[in-house]
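# Architecture at a glance
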Amino acid sequence: MSNHIENGQVRVLGIDLGKSVFQLHGVDARGKSVLKKRLKRDELLEYMAQLPPRLVGMEASSGAHHWARKFQGYGHDVRLMAPQYVKPYVKRHKNDSVDAEAICEAVQRPNMRFVGIKSVAQQEILALHRVRSLAVKNRTALVNQIRGLLAEYGIVFPKSIKQARRAIVLILSDESSEMSANFRVILEDERDELAHLDERIGKYEREIEALAKAEPQCRLLMTIPGVGPITATALLASVGDVRAFKNGRELSAWIGLVPNQHSTGGKAWLTGISKRGNGYLRTLLIHGARAALRVCENKPDRRSQWAVSVSERRGANRAVVALANRMARSAWAMLVKQEAYGASAAV
């Protein structure tokens, strides 16, 4: 056992995570460096189990949530930070030791913003979203490939997955086309792959819908126009404890839906949205807002009329982003107050 552990000198510990090797940097109560240690993967848990409960800082990188849950089980106060917030504390050339020291320094800052530690259930939901998202991308790529191959034979069809399915059936049933037998075999393979991807995506979406129906918080979020099972489950799994955000604007800023600011000399300059934070969640909210905006003209409520007025003044794209921003703020208020959409003036 390390003398530093026996003497209780380490008060704050920074850990630079890796695949096989982990660098530790510890400081005492006065901020003096008292520990620099390099451990292998199978040694880290044993070391942390022996260490009395301490403040532990790590970057929110691959595997960080797993290690955070393990260290919390030993009584440690674990804080995760976004890598871009740790980078300013790196003093010079990058290496594992310098990174661990920067993490140890950053975790002690009173104004540092931390990442919520995700539970196993949250990570499982997000894993379901990720495999579905990849399958959707692969399906889009496959349809684009089919369109390109058929264009060489002078065959074109409208842009949509539905049109692609219909076109392939008609093309394969047309015996009078110039396609050779070999190309027909290739096209049949593409058709089968498309059907396989459709089946996988449908399976994932049914699982997500079942999760949304079983979770009261998801049912609450789905009362927001433009929010369905996919957006609701992704929002809950990504955010976790919504009270970690002081208000709805903080949540919206975390998603990356607020204007990017570049101000100096008392002059404020606002540009496009920052696009920081969770890109997948931001995409879902924007797609949902675009769908909601299409029917706003037929609705008399204040929110719909506001969205229509923004669209007329600033254009549809800006209105969609503004509506997505408002949806995120509404979600925060609803989860904090446990009220359905429209039940409170705050939303």
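Residues numbered from 1 in each chain as written. Predicted model: local features only at pLDDT ≥ 70, side-chain atom pairs only at ≥ 80, totals over all residues. Heavy atoms only, no water.

The protein goes by Putative transposase IS116/IS110/IS902 family protein in an unreviewed UniProt entry, where it is assigned to Magnetofaba australis IT-1.

### A short note on the UniProt feature "coiled-coil region" (unreviewed entry) in the protein
Spelled out, the test is: UniProt positions are given in the numbering used here, feature names are shortened, and annotations may be inferred rather than shown by experiment. To qualify as a helix, a DSSP run of H or I must reach at least 4 residues; to qualify as a strand, a run of E must reach at least 2; elements of each kind are numbered from the N terminus.
The positions UniProt marks with the feature "coiled-coil region" (unreviewed entry) are residues 187-214. Across residues 187-214, helical content stands at 100% and strand content at 0%; the span's end C-alpha atoms are separated by 41 Å.

### Some points on the environment of Val120
When you line up the elements, Val120 lands in helix α6 (residues 120-151). When the C-alpha positions of Val120 and Ala141 are compared, they lie 31 Å apart, and in sequence the two are 21 residues distant.

### Here's the deal with unusual backbone geometry
Inclusion rule: Accessibility here uses a 1.4 Å probe with only protein chains present; expressed as a share of the type maximum, an area under 20% marks a residue as buried, one over 50% as exposed, and anything in between as partly exposed.
Within the chain, Gln338 stands out as a residue other than glycine whose phi angle is a positive 55°. Assessed through its relative accessible area of 46%, Gln338 is described here as partly exposed.

### Structural notes on the pairing of strand β5 (residues 77-81)
To keep things clear, this is the line we draw: Here the rule is simple: two strands pair whenever DSSP picks up at least two bridges between them. With its strands directed away from the observer, a crossover is right-handed exactly when the path from the first strand over the helix to the second travels clockwise.
Note: strand β4 (residues 55-59) against β5, five bridges, orientation parallel. Directly across from Met58, in β5, lies its bridge partner Leu80. Chirality of the crossover, the property in question, places the unit of β4, helix α3 (residues 64-73) and β5 among those that are right-handed. Here β5 pairs with strand β6 (residues 114-115) via two bridges, running antiparallel. Looking at the pairing, Leu80 lines up with Val115 of β6.

### Here's the deal with the environment of Ser20
What counts is decided by this rule: Any two residues having at least one pair of non-hydrogen atoms within 4.5 Å are treated as being in contact.
Its place among the elements puts Ser20 in the loop between β1 (12-16) and β2 (21-27). With 261 residues separating them along the chain, Ser20 and Leu281 place their C-alpha atoms 31 Å apart. In this structure, Ser20 is in contact with Leu39, Lys40 and Arg41, ignoring residues within four places of it in sequence.

### Some words on the packing of aromatic side chains
The following threshold applies: In this scheme Phe, Tyr and Trp rings, the latter by its six-membered ring, pair at centre separations within 6.5 Å, and the angle between planes marks the pair as stacked below 30 degrees, edge-to-face above 60, and tilted otherwise. We call a charge positioned over a ring when the NZ of a Lys or the CZ of an Arg lies within 6 Å of the ring centre and within 35 degrees of the ring normal.
Tallied over the full model, the rule gives four aromatic pairs. For the pair Phe245 and Trp254, a centre-to-centre distance of 5.6 Å together with 55° between the ring planes defines the contact as tilted. Judged by its relative accessible area of 12%, Phe245 is buried. Looking at Trp254, the relative accessible area reads 30%, which means it is partly exposed. Members of the aromatic cluster, connected to one another through ring pairs, are Phe22, Trp67 and Phe71. The cationic tip of Arg79 hangs over the ring face of Phe114; the distance from NZ or CZ to the ring centre is 5.0 Å. The residue whose ring lies beneath Arg147 is Phe157, and the NZ or CZ to ring-centre distance is 5.0 Å.

### A word on the domain arrangement of the protein
Operational definition: An automatic or database domain assignment is the source of the domain bounds shown. One side-chain nitrogen of Lys or Arg within 4 Å of one carboxyl oxygen of Asp or Glu is enough to make a salt bridge. Whenever two N or O atoms come within 3.5 Å, that pair is a polar contact, provided that in protein one can donate a hydrogen and the other can accept it, and provided that, for residues adjacent in sequence, both atoms are side-chain atoms. Polar here means any residue other than Ala, Val, Leu, Ile, Met, Phe, Trp, Tyr, Cys and Pro, which are nonpolar, and Asp, Glu, Lys and Arg, which are charged; Gly is therefore polar.
Here the protein is described as being made up of domain 1 (12-115), domain 2 (120-214) and domain 3 (219-263 + 272-337). A straight line from the C-alpha centre of domain 2 to that of domain 3 covers 29 Å. On inspection of domain 2 and its partner domain 3, the count reaches zero salt bridges. One can count four residue pairs in polar contact (both at pLDDT 80 or more) joining domain 2 with domain 3. Of all the secondary structure elements, the ones that give two or more residues to the side of domain 2 that touches domain 3 are α6 and α8 (181-214). Here the side of domain 2 that touches domain 3 takes seven residues from α8, the largest share from any one element. Class assignment for the residues of the side of domain 2 that touches domain 3 results in six nonpolar, three polar and four charged.

### Brief notes about the pattern of salt bridges
Between side chains of opposite charge, a pair can form as their charged atoms come close. For the coordinates displayed, the defined rule picks out 10 salt bridges. Across the salt bridge formed by Arg109 and Glu105, the nearest N and O atoms sit 3.3 Å from each other. The class of Arg109 is partly exposed, set by a relative accessible area of 31%. Glu105 gets classed as partly exposed once you look at its relative accessible area, which sits at 35%. Between Arg165 and Asp198 there is a salt bridge whose closest N-O contact spans 2.7 Å. Remark: Asp198 occurs in helix α8 and Arg165 occurs in helix α7 (residues 161-173); sequence separation between them is 33 residues. Via salt bridges that share partners, Arg139, Arg165 and Asp198 belong to a single interconnected network.

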